Amino acid sequence: MRHSYATHQLEAGVDLPTLQNLMGHADIRDTAIYLHVSKRHLQAAPSPLEALQISDPSQTERSRRQIKK
């Protein structure tokens, strides 16, 4: 039951330090033993690459600095 409780709390958005406290663990490694994440939850996590804003290369100003030889 502790595994299910920890997993459901994590998937509901509870942060790890709070979950550690709720489970009565002094060490976060003890809490980590109980954590399991469903495939559905992993697939729903946003990719950091999707948050990147890429500009149009034709509108990007290039550096005019010259290299000294």
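Our structure's up above, just so we're on the same page.
Here's a quick rundown of the structure.

What counts and how
Residues numbered from 1 in each chain as written. Predicted model: local features only at pLDDT ≥ 70, side-chain atom pairs only at ≥ 80, totals over all residues. Heavy atoms only, no water. Salt bridge = Lys/Arg side-chain N within 4 Å of Asp/Glu carboxyl O. Buried < 20%, exposed > 50% of the residue type's maximum accessible area, 1.4 Å probe, protein only. Helix = DSSP H or I, 4+ residues; strand = E, 2+ residues; numbered from the N terminus. Arc of directions from axis to C-beta. Phe/Tyr/Trp six-rings, centres within 6.5 Å; stacked < 30°, edge-to-face > 60°. Lys NZ or Arg CZ within 6 Å of the ring centre and 35° of its normal.

Examining the pattern of salt bridges
Two side chains with opposite charge may pair up if their charged atoms get near one another. In the structure shown here, the tally under the stated rule is one salt bridge. Note that Asp27 is salt-bridged to Arg29, the shortest N-O span being 2.7 Å. By relative accessible area, which is 24% here, Asp27 ends up partly exposed. Given the relative accessible area of 62%, Arg29 is considered exposed.

Regarding helix α1 (residues 2–11)
Among all positions in α1, only Ala6, Thr7 and Leu10 are buried. Taken down its axis, α1 places every buried residue within 95° of arc, on the same side. Downstream of α1 by a residue or two, Gly13 has a phi angle that is positive, lying close to 105°.

As for the packing of aromatic side chains
In this structure the tally under the stated criterion is zero aromatic pairs. Over the aromatic face of Tyr34 sits the side chain of Arg2, whose NZ or CZ is 5.0 Å from the ring centroid.

Structural notes on the environment of Ser4
For Ser4, the location among the structural elements is in helix α1. By relative accessible area, which is 42% here, Ser4 ends up partly exposed. For the pair Ser4 and Tyr34, spaced 30 residues apart in the sequence, the C-alpha separation amounts to 8.0 Å.

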